[in-house]
Amino acid sequence: MSGQGDTQLVAVIATGGTIASRRGADGASTPSLSGEDLLALVPQISARLKPVDLMAKDSSSLTLADMQRISDAVGLELNDPAVAGVVVLHGTDAMEESSLLVNLQHSLTKPVVFTGAQFTADHPNADGPVNLAQAIETALDRQNVQKGVLLSFGGRCLPAWGLYKLSADAADAFRSARPLVQAAAPNLAAPVADIRVDIVAIHPGCDATHIDASLQAGAGGIVLAALGSGNANPDIAEAVKRCAERGVPVVVSSRVPEGRLVASYGGGGGGHDLVAAGAVHSSTLRPGQARILLAALLASKSTAETIVSAFGELLSH
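In short, a report on the structure. Everything numeric in this text was worked out from a predicted model, so none of it was measured.

1. Observations regarding the overall build of the chain
Looking only at helices and strands, one finds 9 helices and 14 strands in the chain. For the chain, the C-alpha radius of gyration of 20 Å lies close to 20 Å, the compact-globule estimate for 317 residues. Oriented by its inertia axes, the alpha-carbon framework of the chain measures out at about 65 × 45 × 30 Å. Taking all 317 residues of the chain together, the buried fraction comes to 55%. When contacts within the chain are restricted to residue pairs at least 6 apart in sequence, those whose partners lie at least 24 apart make up 74%. Taking the average location of the 22 positive side-chain charges in the chain and that of its 30 negative ones, the two points are 3 Å from each other.

Next up, the structure:
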């Protein structure tokens, strides 16, 4: 552990990602720094630090089982009375997914903050140390407990609910899909490691090939990355009916990054028609996070009514 004096203890869980990466001789970036290595790069802070080396993965390769390991590790630190706050170092590609899972599975008793970096540790503009320092300070503020799991990144502090990655190359990389104050913790604690939920991308003129393939592959649920506020076409609406007949829930989200999604369009395959065919409309969560919420709901054996409510406004203030 590092730090000085009788200051509070913050657990820093390292999972890999760009913040822990260096470029090799071949030009490829791979996670290679331990939690202790990363803490040594942090400017002077007012906390004692407890590094936890959980894994060293690019977040693009994380499975639901890996995300469950991260959530479980957070739970261990939440249960440690010596720990005042928790910081999770994570790759940016799947930051929104893992942070939401932690938010869904735990009733927070202390702040939990995710952070990472857009630039590798050996980059001349490395942003990891500053992000980590700000995340630690955020985790030390007890008032942040009531805000749910947070992301501290690029000078912003954002709630996990509705989080999405805006930029692939800017230090200020994240935004919220909607300006919600916070999401209530639904306490969906059942592990998601064995749940399969697929995301199917919708494009103008597409057919139902990929939805049918997901059904044949045994998906327990499907998320549509639909158009506009959550629209598709009549072929997709018919496929949603087939899913409903087999008891496989379909959640309609959108490839549009921001704004409230409303199931209002008809025409045979609009959002209104998809809901009429049996789909659940996601008011806020975009496809990546919708997949996590649906997986958590399925793992907890939620009713159809609970699933509909979860994707509406009942989880947010």
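That covers the picture; the talk isn't over yet.
2. Examining the pairing of strand 1 (residues 9–16)
With 8 of 8 residues buried, strand 1 lies mostly within the body of the structure. In terms of strand pairing, strand 1 meets strand 5 (residues 83–89) through 6 bridges, oriented parallel. Bridged to Ile-13 within strand 5 is Val-88.

3. Quick notes on the environment of Gly-269
In this structure, Gly-269 sits in the loop between strand 13 (250–254) and helix 7 (271–276). Gly-269 gets classed as buried once you look at its relative accessible area, which sits at 2%. Taking the C-alpha atoms as reference, Gly-269 lies 6.7 Å from Ile-236; in sequence the two are 33 residues apart.

4. Remarks on the pairing of strand 6 (residues 112–115)
Residue alternation in strand 6 divides its side chains into two sets, Val-112 and Phe-114 and Val-113 and Thr-115, and both sets are buried. Relative to strand 6, strand 5 runs parallel, the two being bridged by 4 bridges. Counterpart to Leu-89 in the pairing with strand 6 is Thr-115. Each parallel crossover has a hand, and the one from strand 5 via helix 3 (residues 95–105) to strand 6 is right-handed. Alignment of strand 6 against strand 7 (residues 150–153), held across 2 bridges, turns out to be parallel. Of the residues in strand 7, the one forming a bridge with Phe-114 is Leu-151. Remark: the strand 6/helix 4 (residues 128–139)/strand 7 crossover connection has left-handed handedness.

5. A few points about empty space enclosed by the protein
Summed over all chains, the structure comprises 1 cavity of 30 Å³ or more. Here the largest cavity defines a volume of roughly 60 Å³. For the largest cavity, the full set of lining residues is Ile-19, Leu-38, Leu-41, Ala-117, Phe-119, Thr-120, Ala-121, Ala-126, Gly-128, Pro-129 and Leu-132. If you tally residues by element for the lining of the largest cavity, the top one is helix 4, at 3 residues.

6. Structural notes on helix 3
Burial analysis of helix 3 places 11 of its 11 residues in the buried class, the great majority of the element. In the core, the buried residues of helix 3 are packed alongside helix 2 (64–78), strand 6, strand 7, strand 9 (163–165), strand 10 (174–176) and helix 8 (287–299).

7. Thoughts on the side chain of Ser-253
Locating Ser-253 in the fold gives a position in strand 13. A distance of 2.9 Å separates a polar side-chain atom of Ser-253 from the backbone oxygen of Leu-285. With residues near it in sequence (within four places) discarded, Ser-253 still touches Val-223, Leu-224, Ala-225, Ala-226, Gly-230, Leu-261, Ser-282, Leu-285, Arg-286 and Pro-287.

8. Overview of the environment of Ala-139
If you trace the backbone, Ala-139 turns up in helix 4. What makes Ala-139 buried here is its relative accessible area of 1%. Ala-139 sits 26 residues away from Val-113 along the chain, and the two C-alpha atoms are 6.1 Å apart.

Parameters and conventions
Throughout this document, residue positions are counted from 1 along each chain, in the order its sequence is written. Reporting of local features is limited, given that this is a predicted model, to residues whose pLDDT is at least 70; pairs of side-chain atoms are given and counted only at 80 or more, and all residues count toward the totals for whole chains, interfaces and linings. The basis for every side-chain value is the complete set of heavy atoms in the structure, and neither hydrogens nor water enter the calculation. In this description a helix means any DSSP run of H or I spanning at least four residues, a strand means any run of E spanning at least two, and both kinds are numbered starting from the N terminus. The atom set for the radius of gyration is the C-alpha atoms, and the globule formula is 2.2 Å times the number of residues raised to the power 0.38. Here the term buried applies to any residue with accessible area under 20% of the maximum for its type, exposed to any over 50%, and partly exposed to those in between, with areas from a 1.4 Å probe on protein chains only. We call two residues in contact when some of their heavy atoms are within 4.5 Å. For the charge count, each Lys or Arg is scored as positive and each Asp or Glu as negative, with His and the chain ends excluded. To locate a charge, take NZ of a lysine, CZ of an arginine, CG of an aspartate or CD of a glutamate. The rule for pairing is simple: two strands pair if DSSP sees at least two bridges between them. When the strands point away from the viewer, a crossover counts as right-handed if the path from the first strand over the helix to the second runs clockwise. With a 1 Å grid spanning the protein atoms alone, the term cavity applies to any set of points in which a 1.4 Å probe fits but cannot get out, the term pocket to an open set with protein on both sides within 12 Å along at least five of seven lines, and the term lining residue to any residue with an atom within 4 Å of a point. Grid points are joined across faces, edges and corners, and a volume is the space filled by probe spheres set on the points. In protein, a polar contact requires one atom able to donate a hydrogen and another able to accept it; more generally it is a pair of N or O atoms within 3.5 Å, and residues adjacent in sequence count only if both atoms are side-chain atoms.

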